[in-house]
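Below, each chain spelled out in residue letters.
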Amino acid sequence: SHTPFQQNPNHTIISRNLLLPSFFHGLISYLRNLSINPNRTIANHFLRTFSSEALINEQEPSNRVIEAKQRVMTPNSRRTGVIAVKCGMTALWDKWGARVPITVLWFDENIVSQVKTPEKEGITALQIGCGHKKEKHLTKPEVGHFRAQGVPLKRKLREFPVTEDALLPLGTQISVRHFVPGQYIDVTGITKGKGFQGVMKRHNFKGGPASHGASLSHRVPGSTGQRDAPGKVFKGKKMPGRMGGKQRTVKNVWVYKIDPARNLMWVRGQVPGNEGNFVFIKDAWYKKPDISTLPFPTYFSTEDEDVSSLEPLVADLGDTDPFMAAD
């Protein structure tokens, strides 16, 4: 043991080890700030200690101004996505008489609730808010986030990575005219939860014989392994278990019609989730739309435009009757 006035040699080693992480942290912060602002003088930095506090104070404020105006879209541009509410399914008949299975999606007042830039967050992304929610139903951090951004309280938030030329000002409204009829989109949502299900429902197993040769084994999975070797059940074996309730993306969904007056969109086929669930829509990754037809970075309505009087827009089905094409 050491007296209070006797110095322990181990204390010097411990104190040096504690200083090393802060030194490297300051060095990394210095290099990061130097890459963002290469015009600053190096000599002024080396005269100061490598501390994170000294470097944070030197960060220059961002002067980026994002204007709400139409821009030219390039093949490398990436627009923001949108949040929609699944209203349900129905069926329509196009002008040729073909039956089209339809899912109706509602764009419930999407706005830009936060803009992330490389100067502040290190990325280019847009946070989109959808719906409405009362303050008493939100947590204090959530309310503080909306108050700090100066936007209305929203029910659902989602962040979409975008390119720098696709950034939008804070509070910009995104309507259903962000997409055009005839293009393809990717829809992400949470699938319907089915609970704990057997292998016939979960993995489409055939099942055992219904009558002869089966004794209480009509819907059982059967054998799950081999013999002493390997002496185990391989990972990934299809067995009974919880089914559904997972995030899935349906790709290349065709936009059949949009209704700007009611902010509704009709798409062909099914999308994940129950009625009333939120789904997240983006431009298709594989069947990319024609960039000359898309509003970029989004559709900006004019001041004298009466949205309530706009007619629905339907995808162009061509001039050839598919039922008479063989003739």
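On a predicted model such as this, the values are computed, not experimentally measured, just so you know.

The rules behind these values
- Residues numbered from 1 in each chain as written.
- Predicted model: local features only at pLDDT ≥ 70, side-chain atom pairs only at ≥ 80, totals over all residues.
- Heavy atoms only, no water.
- Helix = DSSP H or I, 4+ residues; strand = E, 2+ residues; numbered from the N terminus.
- Buried < 20%, exposed > 50% of the residue type's maximum accessible area, 1.4 Å probe, protein only.
- Contact = heavy atoms within 4.5 Å.
- Areas by Shrake-Rupley, 256 points an atom, 1.4 Å probe, with all protein chains shown as cover.
- Pairing = 2+ DSSP bridges.
- Salt bridge = Lys/Arg side-chain N within 4 Å of Asp/Glu carboxyl O.
- pLDDT = per-residue confidence, 0-100.
- Phe/Tyr/Trp six-rings, centres within 6.5 Å; stacked < 30°, edge-to-face > 60°.
- Lys NZ or Arg CZ within 6 Å of the ring centre and 35° of its normal.
- Axes fitted to C-alpha atoms, helices over the stretch in contact; angles between N-to-C directions.
- Patch = residues over 30% accessible without salt bridge, like charges linked within 9 Å, V, L, I, M, F, W, Y side chains within 5 Å.
- Lys, Arg positive; Asp, Glu negative; His and termini not counted.
- Charge placed at Lys NZ, Arg CZ, Asp CG, Glu CD.

Along the chain, the regular secondary structure elements total five helices and 13 strands. Each of the 327 residues in the chain was classed as buried or not, and the buried ones make up 32%. Counting only contacts in the chain whose residues sit at least 6 apart along the sequence, the fraction spanning at least 24 positions is 73%. Approximately 21,200 Å² of the chain is accessible, and the part contributed by carbon and sulfur atoms is 53%.

Here strand 4 (residues 125–130) lies mainly inside the structure; six of its six residues are buried. Note that strand 3 (residues 110–116) and strand 4 share five bridges and pair antiparallel. Paired with V115 across the two strands is L126, which belongs to strand 4. Here strand 4 pairs with strand 5 (residues 156–161) via six bridges, running antiparallel. Paired with G129 across the bridge in strand 5 is L157.

It is worth spelling out the pattern of salt bridges at this point. In a structure, side chains of opposite charge can pair up when their charged atoms sit close to one another. Throughout the structure, instances matching the rule amount to eight salt bridges. Notably, a salt bridge pairs E119 with R64, separated by 3.0 Å at the nearest N-O pair. Highlighted residues: E119 in the loop between strand 3 and strand 4 and R64 in the loop between helix 3 (52–56) and strand 1 (82–93), separated in sequence by 55 residues. The residue R64 makes a salt bridge to E164 at a minimum N-O spacing of 3.3 Å. Residue R64 is found in the loop between helix 3 and strand 1, and its partner E164 is found in the loop between strand 5 and strand 6 (173–174); the two are separated by 100 residues along the sequence. The class of E164 is partly exposed, set by a relative accessible area of 46%.

Within the element layout of this structure, N110 appears in strand 3. Under the relative-accessibility criterion, N110 is labelled buried at 1%. Apart from residues no more than four positions distant in its own chain, N110 is found in contact with V82, I83, I128, G129, C130, T172, Q173 and I174.

In this section: the confidence of the model for the chain. Per-residue pLDDT for the chain averages 87, and the proportion of residues at 70 or more is 82%. Note that residues 41–59 has pLDDT below 50 and, in this model, 24 contacts with residues that lie over four places away or in other chains.

On to the packing of aromatic side chains. Within a pair of aromatic rings, the relevant descriptors are the distance that separates the centres and the angle that separates the planes. Tallying each qualifying case throughout the model produces two aromatic pairs. Here the aromatic rings of F107 and F179 are separated by 6.2 Å at their centres, their planes lie at 65°, and the arrangement is edge-to-face. With F107 in the loop between strand 2 (99–106) and strand 3 and F179 in the loop between strand 6 and strand 7 (184–190), this residue pair connects regions lying 72 residues apart in the sequence. Lying over the aromatic face of W285, K288 brings its terminal NZ or CZ to 4.0 Å of the ring centre.

Within the secondary structure layout, G150 lies in the loop between helix 4 (140–149) and strand 5. C-alpha of G150 to C-alpha of S113: the two residues are 37 residues apart in sequence and 8.3 Å apart in space.

Two faces, one strand: in a regular strand the side chains alternate between the faces of the sheet. A large share of strand 12 (residues 278–283) lies buried, amounting to five of its six residues. Here four bridges tie strand 1 to strand 12, and the two strands are oriented antiparallel to one another. Within strand 12, the position partnered with A84 by the bridge is V279. As judged from the four bridges shared by strand 7 and strand 12, these two strands associate in the antiparallel manner. Across the sheet, the residue bridging to T188 is F280, located in strand 12.

Another point: the sheet that holds strand 3. Judged by pairing direction, the sheet is antiparallel, and its four strands sit side by side in the order 5-4-3-6 without closing on themselves. Of all strands in the sheet, those with a lone pairing partner are strand 5 and strand 6, marking the two edges. Contacts from helix 4 reach strand 3, strand 4 and strand 5 within the one sheet, and its direction differs from that of strand 3 by about 85°.

A contiguous patch of positive charge on the surface is contributed by R78, K251, K282 and K288. Assignment of secondary structure puts K251 in strand 10 (residues 247–259).

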